[in-house]
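Inside the fold
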Amino acid sequence: MSTVLSRESSADDTGPRSDRGSPDGSGAVSARSRRLLRERLRYPLRSRSTVRRLQILSGTAILALLGLCATSIVGLTQARDGVHTIGHGAGPQVVETANLYYALSDMDAQVANILVIGDQHELGDGREAALETYDQRRTEANEALLEASQLSADDPTEQRTVQELLDGLATYDQLRAEAILLSEQADHPPGELPEEVRETYDEAADLMRLELLPKAYNLALDRGSLVRTTYEEKHTWVLVSAIVAAVAGIVAVAALIRLQIFLRRRFRRRLSPFLVAATVGTAIMTVGISGFLLSEARHLQSAKEDGFDSVLALARARAMATVNHADQSRYLLNPDQATSYEQRFLENSQAIVDVPIGGEDGSAAGTLEEYRESLAEGVANLEEEDVDQELRGLLGDEVGASELEGHDTAILTVLQNYTALQSSDETMRAMAERGNTHGAIQFLVSSGGGEGTYAFNQFDTALAEGLTELHQQAFDDAIARGESGLTAWTVASPAVTLLLAGLVVAAARSRMAEYR
Amino acid sequence: MRTRTLALPLAMTLLAATGCTAVAETGSVAGANSLTIGVKYDQPQLGLETGGSFEGFEVDVATYVADRLGVDPDDITWVGLDSADREDAIRNGDVDLVFATYSITQERKADVGFAGPYYVAHQDILVNAENTEVEDVTDLEGTRICQAQGSHSGTRIVEERGIDAELVEEDNFGDCINTALAEGQVQAVSTDDLILAGFLEENPEAFRFVNAPFTDERYGVGIDRDDIAGCEAVNKAITQMYQDGTAAELLQEWFGATDLDLVTSVPQFEGCG
């Protein structure tokens, strides 16, 4: 017994000195501290500094635990806000607004279809189907606008854009009804639009192209910026909280270990079970909460980058392709403006998939023909050698943009279908240029293998159901993973840290009781 | 609220400790007290330097946007830019924003960011008022077309559209219109409609726009690529400029005397970042 005691006292002899010894290590101070130490060893239970030391160490541990608790609450709250905004608030709203753009462009495409087939009501998918699709899109557009109207209540600029869209849409509806009625009355053959029908339709189409579509697009961009800023803010907060929680946890564990050692030396106790429990609990809690917050940051990132960003880009690409589909009909409807429509088709095509054409010095903007060659080459390279040479634009940028399983195959399928769509457009234009307008119209609206509408539908399906579905799933999964465990941790984290703090208090109090 | 007040100092401490100050915040045109803006100095009605000051549609648009960003007109420093210097001026930080008939293209987007466009101009054709034959670019077959030196607008018609026309070059578009076209040496001049309209002020009734645009030239606001918040703020200002009727007024003021079809609804934005 005496050997143990003497060993313990000699161990204690070095402890405080290394702790409290003055940096210059002057002989006077060290002599004084040795004297104090001897006194304290002789009358350990009377020393006031022991109580203070006990208070400081347990106080540090408790403060660090409270810090851990507070940080975890901050981190969890930010994670909850982020997951909620991106998963259920602004995120789906952006996609909804992007779908508004699609609904509008498809409405316009259906009207162009109805007018281009004229009195041949059964041509292609037929007039009835086009009218039905139009009504369906009109309802979708209305619903999206009503929702947008509620969401933009606190932003007067956005609110006004929504109002202008609602008004514009009503005007568009009137104009298209008038154009369809006039066309019906004229009972004209495919492609041979009477002047007054064309004028009315041009007015509707211009309203759509110059006012409605840009506003709908800008609205989606505006919402997108809300998602971006929310994501950046929340992601940073969650990461910072994870780090701060780890630091607080480490400080708490260090203080608890130090306290344990201190008690063992000063009070000659082996181990305090309360402290052991508190130390182990704190270590587990720290690893748990920091790890959980880090994984929340990852889920937010995955929802944003693998899910949201891609879904939005693909929705934009789909809407633009639909505008292009309508421009194909307009190209046939309005020979006077054929050059403008063709140019717009090229520019929209480049926004969807951009490939290098024209002169580098700006001497040439490139032609549709060059575009198709360059596109076919780029997609073939991707197909054969898996190299993304110079595909850019909304879909081009998606190549290699995600490591999701199945993404590479799905984007390649979309691009192959897009190339096929471009070839079918080439066939259609060649017919029209030879003067075979009727043949070109028949080809454009037919949904049989290889023909215009078929090619468009194939592309649209690969885009909307294949690739978009994949990223939508990734988005939903990431949000679900981000939500799971959030509530449990939010309840557990304060409860556990308070319990741990209670253990420390209990351990310290039972020692301090010896002073009373 | 409580979590915010608690969390902010924590994060600030941590950010300060790792050396990441809020540079992104202060480096944005959103929240700036003063701005340096690049404009054209030789385009009548768009950006023209006269007696040390700049005037034109783009100067007015820039002033409006700056005002919406909270910058007083007195706190704007104007810089006249050559077309070739626009990217460097932005990249080197010599200017904060550029409003200088700056078409948004994929190539340029590799170097600089674009807010807007604030207007979509089109390559169009200008003919003499009495010429009623030309209705489309294809009607230029067999004509003489004037283009300014260094411009490719006529080349595009001949080479890309396959139109068999003869190209004539003058020093600038002003000479093309007010000399070559007015005197009948050429039948048509073609470039961005706003640029053409700018040279028409002296005698707008003598000429006619064909109004058959065959390209979209989206005039964007050049901005630092990384300044996404600034880009979004500029877009918001442009939306407001159209909503409150300022855009329509400015277009009317600078180009209203011509018979150009002016679009007074906000253009489709390129999107930031």
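Because the structure is a prediction, the values reported are computed rather than measured.

So, the overall build of chain B
A tally of regular secondary structure across chain B gives 10 helices and 12 strands. Considered along the principal axes of its C-alpha atoms, chain B spans approximately 75 × 35 × 35 Å. Within chain B, the proportion of its 273 residues that are buried is 49%.

A closer look at the sheet that holds strand S2 (residues 42-43) of chain B
Residues and elements named next belong to chain B. Ordered in space as S2-S3-S4, the 3 strands form an open sheet in which the pairing is antiparallel. A strand with exactly one partner marks an edge of an open sheet, and here the two such strands are S2 and strand S4 (53-55). Pairing analysis gives 2 bridges linking S2 to strand S3 (residues 47-50), with the strands arranged antiparallel. Bridge pairing in S3 links glutamine 43 to glycine 47.

Considerations on the pairing of strand S7 (residues 113-128) of chain B
Residues and elements named next belong to chain B. Of all 16 residues in S7, 15 are buried, a share of seventy percent or more. In this sheet, strand S12 (residues 216-223) lies alongside S7 in antiparallel orientation, the contact comprising 7 bridges. Bridge pairing links alanine 121 to glutamate 217 in S12. Bridge count for S7 against strand S10 (residues 188-192) is 4 bridges, and the pairing is antiparallel.

Observations concerning the interface of chain A and chain B
Taken together, the contact between chain A and chain B spans 33 residues of the former and 34 residues of the latter. Ranked by residues supplied to the side of chain A that touches chain B, first place goes to helix H7 (residues 195-267) of chain A with 13 residues. A per-class count over the side of chain A that touches chain B returns 14 nonpolar, 12 polar and 7 charged.

Here's the deal with the environment of glutamate 369 of chain A
Residue and element names in this part refer to chain A. Within the secondary structure layout, glutamate 369 lies in helix H10 (residues 368-385). Its 13 C-beta neighbours within 10 Å are what place glutamate 369 among the partly exposed residues. Expressed as a C-alpha distance, the spacing of glutamate 369 and valine 353, which sit 16 residues apart in the sequence, is 15 Å.

A short note on the nonpolar core
Residue and element names in this part refer to chain A. Within the largest apolar cluster, 148 residues are counted, with the highest numbers of intra-cluster contacts made by Ala61, Tyr101, Leu104, Leu115, Ala216 and Val504. With 29 residues, the single largest contributor to this core is H7. Filtering out sequence-adjacent residues up to four positions away, alanine 216 remains in contact with Thr97, Leu100, Tyr101, Leu104 and Leu165.

Points about unusual backbone geometry
Residues glycine 116 of chain B and proline 117 of chain B are joined by a peptide bond in cis, for which omega reads 15°. Mapped onto the elements, proline 117 of chain B comes out in strand S7. Although it is not a glycine, aspartate 187 of chain A sits at a positive phi angle of roughly 50°. For aspartate 187 of chain A, a count of 9 C-beta atoms within 10 Å corresponds to the exposed category. Despite not being glycine, threonine 101 of chain B shows a phi value in the positive range, around 35°. Within the element layout of this structure, threonine 101 of chain B appears in the loop between strand S6 (97-99) and helix H5 (106-109). Judged by the 23 C-beta atoms lying within 10 Å of it, threonine 101 of chain B falls in the buried class.

Some words on the packing of helix H12 (residues 407-433) of chain A against helix H14 (residues 452-483) of chain A
All names here are of chain A. Across the interface, H12 lies against H14 with an axial gap of 9 Å and an inter-helix angle of 165°. As the angle between them shows, H12 and H14 are arranged roughly antiparallel. As H12 runs across H14, the sense of the crossing is left-handed. On H14, the residues touching His407, Ala410, Ile411, Thr413, Val414, Asn417, Tyr418, Ala420, Leu421, Ser424 and Met428 of H12 are Gly452, Ala455, Phe456, Gln458, Phe459, Ala462, Leu463, Gly466, Leu467 and Leu470. Split by residue class, the contact of H12 with H14 holds 14 nonpolar, 7 polar and no charged.

Considering H7 of chain A
For an α-helix, 3.6 residues make a turn, and residues three or four places apart therefore share a direction. All names here are of chain A. Over its 73 residues, H7 extends 104 Å from the first C-alpha to the last, a length consistent with the 108 Å expected when each residue adds 1.5 Å. At methionine 208, H7 shows its largest bend, some 35°. Phi turns positive one or two residues past the end of H7, at arginine 268, with a value near 55°.

Description of helix H6 (residues 153-160) of chain B
All of the buried residues in H6 of chain B are Ser153, Gly154, Arg156, Ile157 and Glu160 of chain B. Where H6 of chain B is buried, its residues touch S7, strand S8 (144-148), strand S9 (166-170) and S10 of chain B.

What about the confidence of the model for chain A?
On average, residues of chain A score 85 in pLDDT, and 88% of them reach the 70 mark or higher. Predicted confidence for residues 1-25 of chain A stays below pLDDT 50, and this span has 14 contacts to residues more than four positions away or in other chains.

Some details on the environment of alanine 248 of chain B
Residue and element names in this part refer to chain B. For alanine 248, the location among the structural elements is in helix H10 (residues 246-255). Residue class for alanine 248 comes out partly exposed when judged on the 16 C-beta atoms lying within 10 Å of it. When the C-alpha atoms of alanine 248 and serine 265 are compared, they prove to be 8.2 Å apart, with 17 residues separating the residues in sequence.

Details of the packing of helix H5 (residues 127-151) of chain A against helix H6 (residues 156-186) of chain A
All names here are of chain A. Where H5 contacts H6, the two axes come as close as 9 Å, and the packing angle between them is 155°. As far as their axial angle goes, H6 and H5 are roughly antiparallel. Of the two possible hands of crossing, H5 and H6 adopt the one that is left-handed. Touching Ala141, Leu145, Ala148 and Ser149 of H5 are Val162, Leu165, Leu166 and Leu169, all from H6. Residues of the contact of H5 with H6, tallied by class, amount to 7 nonpolar, 1 polar and no charged.

A short note on the environment of alanine 30 of chain B
All names here are of chain B. Structurally, alanine 30 is set in the loop between helix H2 (23-26) and strand S1 (35-39). Residue alanine 30 is classed as partly exposed on the basis of its 17 C-beta neighbours within 10 Å. In this structure, the C-alpha to C-alpha distance between alanine 30 and isoleucine 238, residues 208 residues apart in sequence, is 14 Å.

What counts, and at which threshold
Residues numbered from 1 in each chain as written. Chains lettered and ligands numbered in written order. Predicted model: local features only at pLDDT ≥ 70, side-chain atom pairs only at ≥ 80, totals over all residues. Helix = DSSP H or I, 4+ residues; strand = E, 2+ residues; numbered from the N terminus. Buried ≥ 20, exposed ≤ 12 C-beta atoms within 10 Å, placed from the backbone. Pairing = 2+ DSSP bridges. Contact = placed C-beta atoms within 7 Å. Nonpolar A, V, L, I, M, F, W, Y, C, P; charged D, E, K, R; others polar. Core = buried A, V, L, I, M, F, W, Y, C linked by C-beta atoms within 7 Å. Axes fitted to C-alpha atoms, helices over the stretch in contact; angles between N-to-C directions. Parallel < 35°, antiparallel > 145°, perpendicular 65-115°, else oblique. Left-handed = near helix turned anticlockwise from the far one by under 90°. Expected span 1.5 Å × (residues − 1). Bend = angle between axes of the 7 residues up to and from the residue. pLDDT = per-residue confidence, 0-100.

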